[in-house]
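Chain by chain, the residues:
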Amino acid sequence: MSNTAIMTDSNCGIMPDEGRDLGIYVLPMPLIIDGQTYYEGVDITLDEFFKRQISGADITTSQPSPGDVEAMWTDLLRTYDEIVFIPMSGGLSSTCQTALILSEEEPFRGRVFVVDNRRISVTQAQSVLDAKLLAEEGKTASQIKEILEAEALDASIYIAVDTLEYLKKGGRITAAAAAIGTHTGPGALGIGVVRFHKSSQ
């Protein structure tokens, strides 16, 4: 058995229950819906989330608390020698930067390796699955981090949305941009395409 635990967050689309089946540890991301905090895959399902979103609920996201991150690391280090943590892209959330800072503190220094390979969703999930295979091949956590970050640009994801309303609510685009995009006509937002390419080892 590998002595390296593979850990990610639910932004990759892998929920905690599915992660347990795969031998991957998943940190559930907090969602704040109408002022109440839920955790993905723990006390709210994806179907329930989408129903609340469509119904017009006020939804925001938050990064996991440092305490939650440290608690999972501490628990895993009782069983494993090392941890590879693959959070969502550091370009989209401060989760990665916070984890990098925490990993430099005792007792995590030299045992927890945080990967920022600039991925999210299906491409992040692929990195997690790659990390699991690399660990099973006997690669160390440091080696896995190096490999994944070297392959950071070997994946692209293109996303088109049916409405810009949620991007506006989340502050990703301005109200003016949302208004312009919304009034360009049916089908103007296009089709979502995901492309993934992985270089040979």
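Conventions and cut-offs
- Residues numbered from 1 in each chain as written.
- Predicted model: local features only at pLDDT ≥ 70, side-chain atom pairs only at ≥ 80, totals over all residues.
- Heavy atoms only, no water.
- Buried < 20%, exposed > 50% of the residue type's maximum accessible area, 1.4 Å probe, protein only.
- Helix = DSSP H or I, 4+ residues; strand = E, 2+ residues; numbered from the N terminus.
- Arc of directions from axis to C-beta.
- Contact = heavy atoms within 4.5 Å.
- Pairing = 2+ DSSP bridges.
- Axes fitted to C-alpha atoms, helices over the stretch in contact; angles between N-to-C directions.

Caption draft 1: Quick peek at helix α4 (residues 95–103). Taken together, the buried positions of α4 are Thr95, Cys96, Thr98, Ala99, Leu102 and Ser103. The buried side chains of α4 occupy one side of the element, clustering within an arc of 160 degrees when seen end-on. The inward-facing, buried residues of α4 contact α3 (66–76), β6 (82–86) and β7 (112–114).

Caption draft 2: Structural detail: the sheet that holds β7. Here we have four strands laid out as an open sheet, ordered β2-β1-β6-β7, and parallel in their pairing. On the outer flanks of this sheet lie β2 (25–27) and β7, each paired with one strand and no other. Strand-to-strand, the axes of this sheet are offset by a mean angle of 25 degrees, without reference to chain direction. As paired elements, strand β1 (residues 4–9) and β2 share three bridges and run parallel to each other. By the bridge assignment for β2, threonine 8 is matched with valine 26. Strand contacts of α4: β6 and β7, with the helix running at about 155 degrees to β7, the strand carrying the most contacts. Packing of helix α5 (residues 121–136) onto the sheet brings it into contact with β1 and β6, and relative to β1 it is tilted by some 175 degrees.

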